[in-house]
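# Structural description and commentary
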Amino acid sequence: MRLSVIGAGYVGLTTAACFAQIGHDVFCSESDLDKLRKLQNGVMPIYEPHLQGIVTHARESGRLTFGETDQTVESGETIFICVGTPPLENGDADLSAIEGVARVIAKRARGYRLIVEKSTVPVQTGAQLRKHLAVHTTGKLDFDVASNPEFLKEGTSVEDFLHPDRIVIGADSPRAANLLQEIYQPIIDQTFACPIHSACPPRPQPRFLVTDTSSAEIIKHASNSFLAMKISYINMVADLCEATGADIGKVAEGIGLDPRIGPDFLRPGIGFGGFCFPKDLQAFVRIAEKFGCDFALLQEVARINQKRVSSFVEKIRKELWVLRGKKICVWGLAFKPNTDDVRFAPSLAVVRQLLAEGASVRAYDPQAMEKAQREVPELTCCRDLYEAARGADAIVLLTEWEEFRRVDWKRLAGLVERSLIVDGRNTLPREDVTGHGFQYVGIGGVSGAPELTRSLASI
Ligand SMILES: NC(=O)c1ccc[n+]([C@@H]2O[C@H](COP(=O)([O-])OP(=O)(O)OC[C@H]3O[C@@H](n4cnc5c(N)ncnc54)[C@H](O)[C@@H]3O)[C@@H](O)[C@H]2O)c1
């Protein structure tokens with residue numbers, strides 16, 4: 001089928017490439033001309049595992065083309081809107097990019113079009129879109145609007161898109177629902193050539209859930225808010241563990257063994273970030289308020305999350321006594337591993353606070369340094385994790401990349417000024433770290449000291 005995708009960001013590019021991979025002809029548009037030129041010249045504007053190979057293959061086979069939005073609208077019968085919905089100052093979702101796209105569609109599209117919101121939007125955006133399209137159309141446009149929220153995770157976006165646990169469709173007409181089912185059929189049946197696995201691991205068939213548009217919109221906001229709530233919850237439990245001498249690792253394990261709770265999202269740390277959880281949580285609270293529902297529960301989730309950064313910096317200060325003039329090595333800048341995305345990353349908030357307090361920061365991240373440097377120009381980025389650690393008074397881990405777990409601790413011990421690791425993700429092998437003479441400070445009372453410094457560490 002001929003499909004259009006508008007917006008070639010983390011969601012749009014993955015969507016376009018994966019739809020091409022499963023056999024559709026896709027036209028993907030991007031308004032950022034620099035990004036568009038890169039894509040047209042075969043250069044990836046973002047890092048996402050497996051994506052480059054799929055995009056290249058799809059372009060070479062003629063199934064994926066990049067261009068400007070006007071052309072996209074004229075091209076595919078089904079148009080997936082994947083533009084950004086960033087937060088406004090008051091927490092509302094900024095829907096101006098969606099509105100802009102709707103205007104172009106209304107002006108240029110003719111005949112039948114299925115317009116699909118894949119961007120995350122507040123409930124009743126679909127209804128607004130319908131109204132807006134009807135008002136602005138200048139020609140003979142017959143259309144449906146559907147919601148198809150995206151649940152992919154950066155870092156595993158291709159895998160999540162091709163092997164989802166559910167595909168949610170909010171459609172108010174059978175025609176729209178049927179079209180979307182046809183588009184997704186190879187994924188529902190798992191009958192495409194998988195670009196990731198030579199033999200895909202067995203897993204249950206994804207659920208294809210059809211709802212009305214408003215319900216689908218709420219499913220997305222409610223899912224992200226729930227996961228954010230789980231993170232803030234375990235962070236509060238971690239604080240209690242720290243205050244009482246309990247072990248958050250064991251506590252989280254014990255909680256997660258209950259199948260009604262499950263083990264995911266129970267790792268304490270410096271809080272959630274990225275382009276989804278913080279803004280979706282706020283937007284969900286705001287839209288609920290507009291409809292008279294007080295979501296103070298979620299406001300508290302956001303408040304707990306905001307405090308994680310300062311309480312983590314406090315932890316570093318407690319060890320170093322004075323931050324001014326200290327050399328701090330930072331491992332990890334991306335908001336999570338396996339991505340180059342630093343939007344709303346708590347790691348950058350920690351870095352900014354350390355710099356503001358007079359520490360110098362030398363950082364290393366496998367993929368996110370270019371984007372982080374643009375956000376924080378005072379940051380010194382280093383070519384590898386050892387270079388970043390040279391002369392450091394403390395090594396601070398902020399993103400749990402696998403690379404940081406496989407460190408040559410002996411070599412590292414010879415590079416640092418002081419053997420101190422503050423692990424903001426409770427991810428490093430504690431025994432290994434302390435076994436090589438490092439003092440280890442984690443979240444939620446998870447700490448360990450080598451024999452010689454054990455008595456000092458308790459001061
Ligand atoms: N990033 C994620 O993990 C994720 C997951 C699920 C849902 N979402 C949602 O998907 C949406 C997109 O997120 P993203 O992370 O891909 O954002 P992004 O900023 O990476 O991508 C959006 C792209 O749309 C482009 N764009 C804006 N207006 C345009 C127009 N008129 N024509 C063509 N292109 C246009 C932008 O230049 C940008 O490249 C958001 O609503 C987000 O909440 C994101």
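Anyway, here's the lowdown on the structure attached to this text. (Residues numbered from 1 in each chain as written. Predicted model: local features only at pLDDT ≥ 70, side-chain atom pairs only at ≥ 80, totals over all residues. Heavy atoms only, no water.)

## Digging into the environment of cysteine 18
Here cysteine 18 lies in helix 1 (residues 10-21). Judged by its relative accessible area of 0%, cysteine 18 is buried. C-alpha separation for the pair cysteine 18 and leucine 64, spaced 46 residues apart in sequence, amounts to 9.8 Å. The contact partners of cysteine 18, leaving out residues within four places of it in the chain, are Val158, Phe161 and Leu162. (Helix = DSSP H or I, 4+ residues; strand = E, 2+ residues; numbered from the N terminus. Buried < 20%, exposed > 50% of the residue type's maximum accessible area, 1.4 Å probe, protein only. Contact = heavy atoms within 4.5 Å.)

## A closer look at the sheet that holds strand 2 (residues 25-29)
Reading across from one edge, 3-2-1-4-5-6-7-8 is the order of the 8 strands in this open sheet, with mixed pairing throughout. The sheet terminates laterally at strand 3 (64-67) and strand 8 (207-211), the two strands that pair on one side only. Each strand axis lies, on average, 25 degrees off the axis of its neighbour in the sheet, ignoring direction. The sheet contact formed by strand 6 (residues 141-147) and strand 7 (residues 166-171) spans 2 bridges and is antiparallel. (Pairing = 2+ DSSP bridges. Axes fitted to C-alpha atoms, helices over the stretch in contact; angles between N-to-C directions.)

## Regarding the site of the ligand
Close contacts around the ligand come from 26 residues, with Glu30, Lys35, Thr69, Thr85 and Lys279 the closest. Residues that form the shell around the ligand fall into these classes: 9 nonpolar, 9 polar and 8 charged. (Near = heavy atom within 4 Å. Nonpolar A, V, L, I, M, F, W, Y, C, P; charged D, E, K, R; others polar.)

## Considerations on the environment of isoleucine 188
Mapped onto the fold, isoleucine 188 is located in helix 8 (residues 174-189). Judged by its relative accessible area of 8%, isoleucine 188 is buried. Between the C-alpha atom of isoleucine 188 and that of arginine 207, which follows or precedes it by 19 residues, the distance is 7.6 Å. Non-local contacts of isoleucine 188, meaning those with residues more than four positions away in its chain, are made with Ile167, Gln181, Gln205, Pro206 and Phe208.

## Remarks on the side chain of asparagine 235
Looking at the element boundaries, asparagine 235 is found in helix 9 (residues 213-244). In this view, asparagine 235 contacts Pro268, Gly269, Gly271 and Arg308; residues no more than four positions away in its chain are not counted.

## Observations regarding the packing of aromatic side chains
Taken as a whole, this structure holds 11 aromatic pairs when the rule is applied. Ring geometry for phenylalanine 19 versus tyrosine 184: centroids 5.4 Å apart, planes at 65 degrees, classification edge-to-face. One end of the pair, phenylalanine 19, is in helix 1; the other, tyrosine 184, is in helix 8, and 165 residues separate them in sequence. Ring plane angle 40 degrees and centroid distance 6.1 Å describe the contact between phenylalanine 265 and phenylalanine 277, whose orientation is recorded as tilted. You can see phenylalanine 265 sitting in the loop between helix 10 (248-256) and helix 11 (277-290) and its partner phenylalanine 277 sitting in helix 11, a full 12 residues away along the chain. Phenylalanine 277 gets classed as buried once you look at its relative accessible area, which sits at 13%. Among the aromatic residues, ring-to-ring pairing joins Trp331, Tyr364, Phe404, Trp409 and Phe438 into one connected group. The ring of phenylalanine 275 has lysine 279 lying over it, and the distance from NZ or CZ to the ring centre is 5.0 Å. One residue, arginine 411, lies across the ring of tyrosine 386, its end atom 3.8 Å from the ring centre. (Phe/Tyr/Trp six-rings, centres within 6.5 Å; stacked < 30°, edge-to-face > 60°. Lys NZ or Arg CZ within 6 Å of the ring centre and 35° of its normal.)

## Observations regarding the nonpolar core
One finds Trp331 and Leu333 to be the most contacted residues of the largest nonpolar core, which totals 65 residues. What leucine 333 contacts, discounting residues up to four positions off in sequence, is Val342, Ala345, Ser347, Leu348, Val351, Ala363, Asp365, Ala368, Met369, Ala372, Leu379 and Thr399. With 48 residues, the next largest nonpolar core counts Leu152, Ile167, Ile188 and Phe208 among its residues. (Core = buried A, V, L, I, M, F, W, Y, C linked by side-chain atoms within 4.5 Å.)

## Topic: the pairing of strand 4 (residues 78-81)
Residues Thr78 and Phe80 of strand 4 are buried on one face, and the alternating residues Ile79 and Ile81, pointing to the opposite face, are buried as well. Bridge analysis of strand 1 (residues 2-6) against strand 4 gives 4 bridges, and the strand direction is parallel. In the strand pairing of strand 4, serine 4 is matched with isoleucine 79. Direction of pairing for strand 4 relative to strand 5 (residues 111-117): parallel, over a ladder of 4 bridges. Across the sheet, residue isoleucine 81 finds its bridge partner in strand 5, namely glutamate 117. Crossover connection from strand 4 via helix 5 (residues 96-108) to parallel strand 5: handedness right-handed. (Right-handed = clockwise from strand over helix to strand, strands pointing away.)

## Considerations on the pairing of strand 10 (residues 360-364)
Bridge count for strand 9 (residues 327-331) against strand 10 is 5 bridges, and the pairing is parallel. In the sheet register, valine 330 faces strand 10, and the bridge partner there is alanine 363. A crossover links strand 9 with its parallel partner strand 10, the connecting element being helix 13 (residues 346-356), and its sense is right-handed. Note that strand 10 and strand 11 (residues 380-381) share 2 bridges and pair parallel.

## Looking at the packing of helix 9 against helix 12 (residues 296-320)
Interaxial distance between helix 9 and helix 12 falls to 9 Å at its minimum, and their mutual angle equals 45 degrees. Overall, the two elements helix 9 and helix 12 adopt an arrangement that is oblique. As helix 9 runs across helix 12, the sense of the crossing is left-handed. Between helix 9 and helix 12, the contacting residues are Ser225, Ala228, Met229, Ser232, Asn235, Met236, Asp239 and Glu242 on the first element and Leu297, Leu298, Val301, Ile304, Asn305, Arg308 and Lys315 on the second. (Parallel < 35°, antiparallel > 145°, perpendicular 65-115°, else oblique. Left-handed = near helix turned anticlockwise from the far one by under 90°.)

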